[in-house]
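# Examination of the molecular architecture
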Amino acid sequence: MKAVVINEYGDRSKLQMTNIAIPETADDEVLVEVKATSVNPIDWKLREGYLQEGIPLKFPIVLGWDVAGVITRIGSKVKDFHTGDKVLARPDLTNRGTYAEYTAVKENKLAKLPDNVSYEEAAALPLAGLTAWQGIYDKLKVESGQTVLIQGGAGGVGIIGIQLLKHIGAKVITTASSSNADFLKGLGADQVIDYHTEDFSEILHDVDAVFDTIGGDTLTKSFDIIKPGGRLVTIAGQIDENLAKEKQVEAESMWLIPNGEQLTELVNLVSEGVVKVIIDSVHPFSEDGVKAAHEVSESHHAKGKIVIKMAD
């Protein structure tokens with residue numbers, strides 16, 4: 001099969017189209033013919049070598065950990081999925097990712113793809129969508145009527161997060177550039193703070209929870225605006241435990257756990273029109289296409305998800 005791989009860490013020039021073996025599948029796995037995948041920051045951070053200690057993978061590495069496609073083979077222990085099923089998933093983090101014509105996925109990571117959701121929309125959903133879902137429901141435990149700040153609302157996680165919070169019935173505040181304010185209000189944000197010209201820590205106080213996707217000083221200052229007993233979760237840094245204790249805030253860093261049941265609930269919300277998938281750009285599955293997709297992601301200016309589409 002064709003796959004875009006890296007044989008060493010480095011810049012975008014290390015991405016190379018090549019032929020490798022179709023993955024073997026375990027008894028609890030299916031083989032998915034990839035119809036679309038997407039690019040997430042973890043892809044190019046791993047490519048650059050920033051994550052090699054925490055995520056040691058053997059070369060050649062096929063990057064990519066979002067997939068939408070069709071099942072072509074099932075393992076002997078797979079019960080709820082069949083050959084020909086349209087599916088989406090955030091597969092396990094291995095060196096055989098989704099920038100390839102086929103990828104192997106464990107059954108418990110799979111969700112069935114509703115007929116009215118496209119492969120491109122489905123490929124844009126798993127990693128960012130599950131991160132938003134687990135941050136909001138599992139970590140922050142948001143309830144209707146609460147006030148929640150999402151730091152970085154125009155990113156992949158923020159866009160889904162805003163919509164999930166609105167669906168719960170929360171008051172949603174987010175930070176973004178002024179050029180994205182109307183767009184984010186259209187998704188459900190009640191208030192958009194322009195991080196270029198305004199300091200959120202001087203505007204907000206006594207919020208119930210903060211979902212941080214930015215890290216750094218933004219993460220540190222977020223503690224100042226949360227009411228005692230409130231919650232904070234970050235996907236972009238480590239928690240200062242002393243600060244959290246001082247401010248009486250329940251705080252933790254999170255890393256998503258692939259989960260087919262949650263992904264099923266999420267894609268059904270997309271099917272029902274409750275959550276919109278926002279796609280920044282679609283690139284062809286080619287060496288140049290993948291390089292271009294990485295360039296967009298590295299710019300930090302994508303509005304929504306960056307999708308790679310296989311040839312029809």
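What comes next concerns the included structure. (Residues numbered from 1 in each chain as written. Predicted model: local features only at pLDDT ≥ 70, side-chain atom pairs only at ≥ 80, totals over all residues. Heavy atoms only, no water.)

## A word on the overall build of the chain
Rules: Helix and strand labels come from DSSP, where a helix needs a run of H or I of at least four residues and a strand needs a run of E of at least two; each type is numbered from the N terminus. Taken over C-alpha atoms, the radius of gyration is set against a globule rule of 2.2 Å times the number of residues to the power 0.38. To sort residues, take the accessible area from a 1.4 Å probe on protein chains only and compare it with the maximum for the residue type: under 20% means buried, over 50% means exposed, and anything in between is partly exposed. Every residue pair with non-hydrogen atoms within 4.5 Å of one another is taken to be in contact. With residues, only the protein chains shown are counted as cover, and all accessible areas are computed by Shrake-Rupley using a 1.4 Å probe. Positive charges come from Lys and Arg alone, negative charges from Asp and Glu alone, with His and the N- and C-terminal ends not counted. Taken as the charge location is NZ of Lys, CZ of Arg, CG of Asp or CD of Glu.
When helices and strands are tallied, the chain shows ten helices and 16 strands. Relative to the 2.2 N^0.38 estimate, which gives 20 Å for 312 residues, the radius of gyration of the chain is 19 Å and therefore close to what a compact globule would have. Seen along its three principal axes, the alpha-carbon backbone of the chain occupies a region of about 55 × 40 × 35 Å. For the chain, buried positions account for 54% of its 312 residues. Long-range contacts, defined as pairs at least 24 residues apart, comprise 67% of the intrachain contacts of the chain with a sequence gap of at least 6. When the accessible surface of the chain is totalled, it reaches about 13700 Å², and 45% of it is carbon and sulfur. Of the side-chain charges in the chain, 31 are positive and 46 negative, and the distance between the mean point of each set is 3 Å.

## Let's talk about the packing of aromatic side chains
Filter applied, for reference: A pair of aromatic rings is counted whenever rings of Phe, Tyr or Trp (Trp by its six-membered ring) have centres within 6.5 Å, and the orientation is called stacked for planes under 30 degrees apart, edge-to-face for over 60 and tilted otherwise. Here, over-ring charges are defined by two tests on the NZ atom of lysine or the CZ atom of arginine: distance to the ring centre within 6 Å, and angle to the ring normal within 35 degrees.
Within the structure shown, the criterion is met by two aromatic pairs. With centroids separated by 4.5 Å and ring planes inclined at 35°, the aromatic side chains of Trp133 and Tyr137 adopt a geometry described as tilted. Here the residue Trp133 and the residue Tyr137 both occupy positions in helix H3 (residues 126–139), the gap between them amounting to four residues, near one helical turn. Taking NZ or CZ as reference, Lys45 lies 5.8 Å from the ring centre of Trp44, over its face.

## Examining the pattern of salt bridges
Heads up, the condition is: When a carboxyl oxygen of Asp or Glu is within 4 Å of a side-chain nitrogen of Lys or Arg, the pair counts as a salt bridge.
Applying the stated criterion across every chain yields a total of 19 salt bridges. In this structure, Glu295 and Arg12 form a salt bridge, with 4.0 Å as the shortest nitrogen-oxygen distance. Here Arg12 lies in the loop between strand E1 (2–6) and strand E2 (16–19) and Glu295 lies in helix H10 (residues 287–298), a separation of 283 residues in the sequence. For Glu295, a relative accessible area of 46% gives the class partly exposed. Residues Lys227 and Asp208 are paired through a salt bridge, measuring 3.1 Å at the closest nitrogen-oxygen approach. Of the two residues, Lys227 sits in strand E13 (residues 226–234) while Asp208 sits in strand E12 (residues 207–212), which places them 19 residues apart along the sequence. By relative accessible area, which is 17% here, Asp208 ends up buried. Salt bridges linked by common partners bring Arg12, Arg47, Glu48, Glu295 and Glu298 together as one network.

## Overview of the sheet that holds E12
Strand pairing in a sheet is mediated by backbone hydrogen bonds. Such pairs are either parallel or antiparallel. What counts here: Paired strands are those between which DSSP finds at least two bridges. Lines are fitted to the C-alpha atoms to define the axes, a helix being fitted only along its stretch in contact, and any angle between axes, read from their N-to-C directions, falls within 0 to 180 degrees.
Here six strands make up an open sheet; going across it, the order is E11-E10-E9-E12-E13-E14 and the pairing parallel. Because the sheet does not close on itself, it has two edges, and the strands there are strand E11 (191–194) and strand E14 (250–253). Each neighbouring strand pair of the sheet contributes to a mean axis angle of 15°, computed without reference to strand direction. Here strand E9 (residues 147–151) pairs with strand E10 (residues 171–176) via five bridges, running parallel. Considered in E10, the bridge of Val148 is made with Val172. Helix-sheet contacts for H3 involve E12, E13 and E14, and the interaxial angle to E12 is about 150°. Relative to E9, helix H4 (residues 156–168) is tilted by about 170°, and along the sheet it contacts E9, E10 and E12.

## Looking at the environment of Glu33
Position of Glu33 relative to the elements: it lies in strand E3 (residues 29–39). Classification of Glu33 by relative accessible area gives partly exposed; the value is 29%. Beyond its immediate stretch of four places on either side in the chain, Glu33 contacts Ala68, Gly69, Val70, Thr72, Glu101 and Tyr102.

## Structural notes on the sheet that holds E2
Reading across the sheet, the three strands line up as E2-E1-E4 and stay open at both edges, with antiparallel pairing between neighbours. Since the sheet does not close on itself, it has two edges, and those belong to E2 and strand E4 (61–62), each with one partner. Sheet topology places E1 next to E2; four bridges connect them, and they run antiparallel. The residue of E2 that forms the bridge with Ala3 is Thr18.

## Details of the environment of Lys291
Within the secondary structure, Lys291 sits in helix H10. Remark: the alpha-carbon pair of Lys291 and Thr37, spanning 254 residues in sequence, is separated by 14 Å.

## Focus on the pairing of strand E16 (residues 305–309)
Sheet faces and side chains relate simply in a regular strand, where the side chains alternate between the two faces. The test is simple: Whether a crossover is right-handed comes down to one check: with the strands pointing away from the viewer, does the path from the first strand over the helix to the second run clockwise; if it does, it is right-handed.
Most of E16 is tucked away, with four of its five residues classed as buried. A crossover links strand E15 (residues 279–284) with its parallel partner E16, the connecting element being H10, and its sense is right-handed.

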